[in-house]
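Report on the structure
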Amino acid sequence: MARAGLTADRVVAAAADLADEVGFENVSLSALARGFGVKDASLYSHVRNLQDLRTRVAFLAGGELVDRIAVAVADRAGRDALGAFADAYRAYALEHPGRYAATQIRIDQSLIADSPALRRTAEITYGMLRAYGLEEPDLTDAVRLLRSTFHGYCALESSGGFGAPRDVRRSWERAVDALHVALTHWPRESQPG
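Keep in mind it's a predicted model, so treat the numbers as computed, not measured.

What follows covers the overall build of the chain. Counting its regular elements, the chain contains ten helices and zero strands. In terms of overall dimensions, the chain has a C-alpha envelope of 60 × 50 × 30 Å along the principal axes. Here the chain holds 193 residues, and the buried ones make up 38% of them. Accessible surface, the chain: about 10700 Å² in total, of which carbon and sulfur atoms supply 53%. Placing the 23 positive and 25 negative side-chain charges of the chain at their respective mean positions leaves the two points 3 Å apart.

Okay, structure coming up:
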């Protein structure tokens with residue numbers, strides 16, 4: 001029987017909070033159970049196992065991230081939208097390191113199709129990039145460029161990987177400027193005819 005007041009949503013939210021505190025890779029069902037003052041077995045009424053919990057945290061965090069990005073890019077286009085998108089992404093990654101780490105895990109493709117947050121992420125990202133005149137297969141390549149640039153920068157920044165005295169924020173702005181130039185002058189791949 002499920003413990004009164006304990007729900008799947010509460011368990012997942014607590015796991016996300018714990019991820020921000022101790023790191024996503026350190027979240028365990030035992031630690032969560034201790035936080036709720038229950039035995040580990042009590043959590044199995046709400047999540048199947050640790051992988052299920054991690055996937056649910058990834059979906060929660062992905063939804064939070066895309067909500068933040070959507071607000072930031074609303075009614076913007078071009079460099080302005082790209083900068084707002086990038087800044088919202090970076091702020092989330094730095095403010096919520098455990099949740100952000102959850103957004104980077106590989107998720108079973110059958111679960112992705114049913115995720116409104118992941119569909120919304122694709123719609124917003126691809127919509128922003130279409131303003132640069134990009135179409136497939138260039139859209140996918142551009143998404144990969146943005147994701148790898150944003151993720152790499154945030155990972156290095158959060159781990160203290162930038163040791164030079166140059167202001168990290170200024171370097172971020174220059175990186176976004178460079179991405180804008182790259183997107184504006186994207187080398188189009190010819191479609192097979």
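Using the criterion set out here, one finds six aromatic pairs in the structure. With a centroid separation of 5.3 Å and 50° between ring planes, the pair formed by Tyr89 and Phe150 is classed as tilted. Taken together, the residues Tyr89 in helix 5 (residues 78–95) and Phe150 in helix 9 (residues 138–158) connect sequence positions 61 residues apart. With respect to class, Tyr89 is no different from Phe150; both count as buried. Arranged with centres 4.7 Å apart and planes meeting at 45°, the rings of Tyr153 and Phe162 form a pair that is tilted. According to the relative accessible area criterion, Tyr153 is buried, its value standing at 11%. Its relative accessible area of 32% is what places Phe162 among the partly exposed residues. Put simply, the rings of Phe85, Tyr89, Tyr100, Phe150, Tyr153, Phe162 and Trp172 pair up and form one aromatic cluster.

What follows deals with unusual backbone geometry. Omega for the bond connecting Glu136 with Pro137 falls within 30 degrees of zero, at 5°, which places this linkage in the cis form. Inspection of the secondary structure puts Pro137 in the loop between helix 8 (116–130) and helix 9. Although it is not a glycine, Asp75 adopts a positive phi angle of roughly 60°. Secondary-structure assignment places Asp75 in the loop between helix 4 (50–73) and helix 5.

Another aspect to go through is the pattern of salt bridges. Here the structure, examined in full by the defined rule, presents 14 salt bridges. In this structure, the salt-bridge partner of Arg169 is Glu173, at a minimum N-O distance of 3.2 Å. Here Arg169 pairs with Glu173, and both are found in helix 10 (residues 168–184), just four residues apart, close to one helical turn. Note that Arg174 is salt-bridged to Asp177, the shortest N-O span being 3.9 Å. Of this pair, Arg174 and Asp177 both sit in helix 10, three residues apart, which is roughly one turn of that helix. The class of Asp177 is partly exposed, set by a relative accessible area of 25%. The structure contains a network of salt bridges with shared partners spanning Asp17, Asp20, Glu64 and Arg99.

Let us look at the confidence of the model for the chain. When pLDDT is averaged along the chain, the result is 93, and 96% of the positions lie at 70 or above. Taken element by element, the chain is modelled with least confidence in helix 7 (residues 109–112), mean pLDDT 76, and with most confidence in helix 5, mean pLDDT 98.

Its place among the elements puts Arg99 in helix 6 (residues 97–102). In this structure Arg99 comes out as buried when scored by relative accessible area, which is 8%.

Quick look at the environment of Arg119 now. Structurally, Arg119 is set in helix 8. With 53 residues separating them in the primary sequence, Arg119 and Val66 have C-alpha atoms 9.9 Å apart.

Reading the values: the criteria
- Residues numbered from 1 in each chain as written.
- Predicted model: local features only at pLDDT ≥ 70, side-chain atom pairs only at ≥ 80, totals over all residues.
- Heavy atoms only, no water.
- Helix = DSSP H or I, 4+ residues; strand = E, 2+ residues; numbered from the N terminus.
- Buried < 20%, exposed > 50% of the residue type's maximum accessible area, 1.4 Å probe, protein only.
- Areas by Shrake-Rupley, 256 points an atom, 1.4 Å probe, with all protein chains shown as cover.
- Lys, Arg positive; Asp, Glu negative; His and termini not counted.
- Charge placed at Lys NZ, Arg CZ, Asp CG, Glu CD.
- Phe/Tyr/Trp six-rings, centres within 6.5 Å; stacked < 30°, edge-to-face > 60°.
- Salt bridge = Lys/Arg side-chain N within 4 Å of Asp/Glu carboxyl O.
- pLDDT = per-residue confidence, 0-100.

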